[in-house]
Amino acid sequence: MSAETDVRPARPFLSPAKVRLWFDRLLVFVLSVGAWYVVANTILDPFWISSPELVAERLWRITLNGDLWWHSSATVWQALLGLALGLVVGFGFGLLLARYPRLAEALDPYIMGLYSLPRIALAPLFILWFGIGLLSKVMMAFSFVVFIFLLNTMQGLKEVDRDHIDLMRSMRASPAFIARRVQLPAMLPWLFAAARISVGLALIGSVLGELLGANRGLGWYVEHASGRLDTTGVFAGLTALMIIAVLMNQAVNLLERWLTPAK
Amino acid sequence: MERATSAPQTPGESPAACAPPRVKVVGVSKTFPTPDGGVARVIENVDLTLAEGEFLSIVGPSGCGKSTMLRLISGLTPVSEGRIVVAGREVTEPPPGVGFMFQRDTLLPWATVSENISIALELNGTPPAARPARIAELLKLLGLERYADYRPSAISGGMRQRAALGRLLAYGPELYLMDEPFGALDAMTKMILGRELLRIWSQDAKSVVFVTHDIEEAVGLSDRVIVMEGPPGRIKSEYRIDLPRPRDFRAVRLLPEFRDLCERIWGDIGRHSEAE
Ligand SMILES: Nc1ncnc2c1ncn2[C@@H]1O[C@H](COP(=O)(O)OP(=O)(O)OP(=O)(O)O)[C@@H](O)[C@H]1O
Ligand SMILES: [Mg+2]
């Protein structure tokens, strides 16, 4: 290496490792869908487990007629609102509790208790309080994710290197400067970890809210299909949910890569 | 910062006579609560004066409280008893114009080498337009030009220490508190940076408290060497280093007085030292 050249290796868009990874993932997909196909066409009637080609056909149809967009946009929107609210409240409350350890200690068992409440048992209350419109679904998603953000914020703040803060203090940095330049960057991985877990949970919350009373959304679609013993509809709804969860997770990963420089 | 610019201190003379001391430590003790509910006395009744422009080293066995002394002077840790005055003001919080280089490298892991240095420039009020030139200058001085855009995890331990030194120099303090700054360096880099430190120090007549395990390094750099013992940390003895200035950090080691001083300090630290 010479002094002029950048010694960091350029990252190729498609490295051999990446190609292999995608090949492996494709292989898993082909094997599992193949197994499903074989079972659905031999041992079990598609009435029970539908079949890949029926589901694919259904997905194609509801994509064309706009149903897929109509339902999934509702589910995703509720999940996103729940996520945003959970992030703001969980992060804010986490900062507050980190600031007042005595309060945090006092509240700890209650937070843990609330955290472990089965949300499905809360659903009737949510409908009572928030109606059967958008709000009850958003709050359902919120109730899943707020604790994740709260706990990760507190833990992340606790793990910030004390010496980094002291070093800044020795140069008379203000608390706001330290928060912005040391604590926040140090906590970002914790917040992204929370976001990754929360994406799935927010979708679960959103769908759960729809199962209990809605006229729209993937949860409603699945519920409606199962009421008519339409297994293919159920599987199509679930498949759409899985794809959305993967895409949202990928979006978080991209955001993380964009916001946190590689270590 | 409020200090009038003065000529570099001449060696040997007591600079305390003409200027108020940069640091005054009076009857300071420090206790920490122990895990079993008691108290540990870590510093015991220390008195210490650092003259304006003086280069003072502290040596002593591991655990005798050297790092703690620096933290007390820096205002990061409050004293339990006694008081510390820096630049005429009693220390209750980190005072202005004090740069601290920790024993552990404390570069921010998500920031590049130059970003780490830049933070110190930001904190000492260097205008943004002037920062890149200053950073480039420091990187050159420390032989880190090629690593400006590297993150700390991608450079060696010695390079990290140099980067931390760069941050300290960028901050441009009046009082340098340096906790084993050359601990992770090879003999050659140590020599280069020691020389550089002497050069910077003699140009600006800054005050330095330098903690080290390396007695030759202490003698080679300092006006005065303090030997600590402990715990609890106390000042055991003090040596005035009347070697000529300006000093060559390497050539000075050939002087018989140098060898003599090192021998005496060695003898003083005695058996219970882990210093190499
Ligand atoms: N925050 C703290 N809480 C409790 N005890 C502490 C704390 N900081 C330092 N001590 C104790 O003070 C003593 C002196 O520690 P210090 O780090 O000052 O030693 P040192 O002379 O710098 O040692 P070394 O040469 O190994 O760096 C040690 O016994 C240590 O356990
Ligand atoms: Mg130490």
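For the structure, check the block above.
Please read these numbers as outputs of a predicted model, since none were measured by experiment.

**Q** How do you make sense of the interface of chain B and chain A when you look at a structure like this?
**A** Frequently, the measure chosen for interface size is the accessible area that the parts lose on association. Facing the 26 residues of chain B at the interface are 23 residues of chain A. Counting the surface lost from both chain B and chain A, the interface buries some 2,500 Å², and carbon and sulfur atoms represent 60% of this. On the chain B side of the contact with chain A, Trp110, Leu123 and Arg146 of chain B bury the most area, a combined 26% of that side's loss. Counting the contacts that link chain B with chain A gives 5 salt bridges. Between Arg104 of chain B and Asp163 of chain A there is a salt bridge, with the nearest N and O atoms lying 2.8 Å from each other. Our enumeration of links across chain B and chain A arrives at 8 residue pairs in polar contact (both at pLDDT 80 or more). When residues of the side of chain B that touches chain A are traced back to their parent elements, those giving at least two are strand 6 (98-101), helix 2 (113-123) and helix 4 (157-171) of chain B. When grouped by side-chain class, the residues that make up the side of chain B that touches chain A number 16 nonpolar, 2 polar and 8 charged.

**Q** Whenever I open this one, the site of ligand 1 confuses me. Can you help?
**A** All names here are of chain B. Lining the immediate environment of ligand 1, one finds Phe32, Val42, Ser62, Gly63, Cys64, Gly65, Lys66, Ser67, Thr68, Gln103, Glu180 and His213. Separating an oxygen atom of ligand 1 from a side-chain N or O atom of Ser62 is a distance of 2.6 Å. Note that an oxygen atom of ligand 1 is positioned 2.8 Å from one of the side-chain N or O atoms of Gln103. Alone, ligand 1 offers 640 Å² of accessible surface; in the complex the protein occludes 61% of this. The element best represented in the shell around ligand 1 is helix 1 (residues 66-74), accounting for 3 residues. Its residues placed into classes, the shell around ligand 1 shows 3 nonpolar, 7 polar and 2 charged.

**Q** Looking at this model, I keep getting lost on a nonpolar patch on the surface. Mind explaining?
**A** All names here are of chain A. Taken together, Leu85, Leu87, Val88, Val89, Phe93, Leu96, Tyr100 and Leu103 make up a surface patch of nonpolar side chains, about 650 Å² in accessible area. Tallying contributions element by element places helix 4 (residues 67-99) first for the nonpolar patch, with 6 residues. Within the secondary structure layout, Leu103 lies in helix 5 (residues 101-115). Judged by its relative accessible area of 36%, Leu103 is partly exposed.

What counts, and at which threshold
- Residues numbered from 1 in each chain as written.
- Chains lettered and ligands numbered in written order.
- Predicted model: local features only at pLDDT ≥ 70, side-chain atom pairs only at ≥ 80, totals over all residues.
- Heavy atoms only, no water.
- Contact = heavy atoms within 4.5 Å.
- Buried area = accessible area lost by both parts, 1.4 Å probe.
- Salt bridge = Lys/Arg side-chain N within 4 Å of Asp/Glu carboxyl O.
- Polar contact = N/O pair within 3.5 Å; in protein donor to acceptor, adjacent residues only side chain to side chain.
- Helix = DSSP H or I, 4+ residues; strand = E, 2+ residues; numbered from the N terminus.
- Nonpolar A, V, L, I, M, F, W, Y, C, P; charged D, E, K, R; others polar.
- Near = heavy atom within 4 Å.
- Areas by Shrake-Rupley, 256 points an atom, 1.4 Å probe, with all protein chains shown as cover.
- Patch = residues over 30% accessible without salt bridge, like charges linked within 9 Å, V, L, I, M, F, W, Y side chains within 5 Å.
- Buried < 20%, exposed > 50% of the residue type's maximum accessible area, 1.4 Å probe, protein only.

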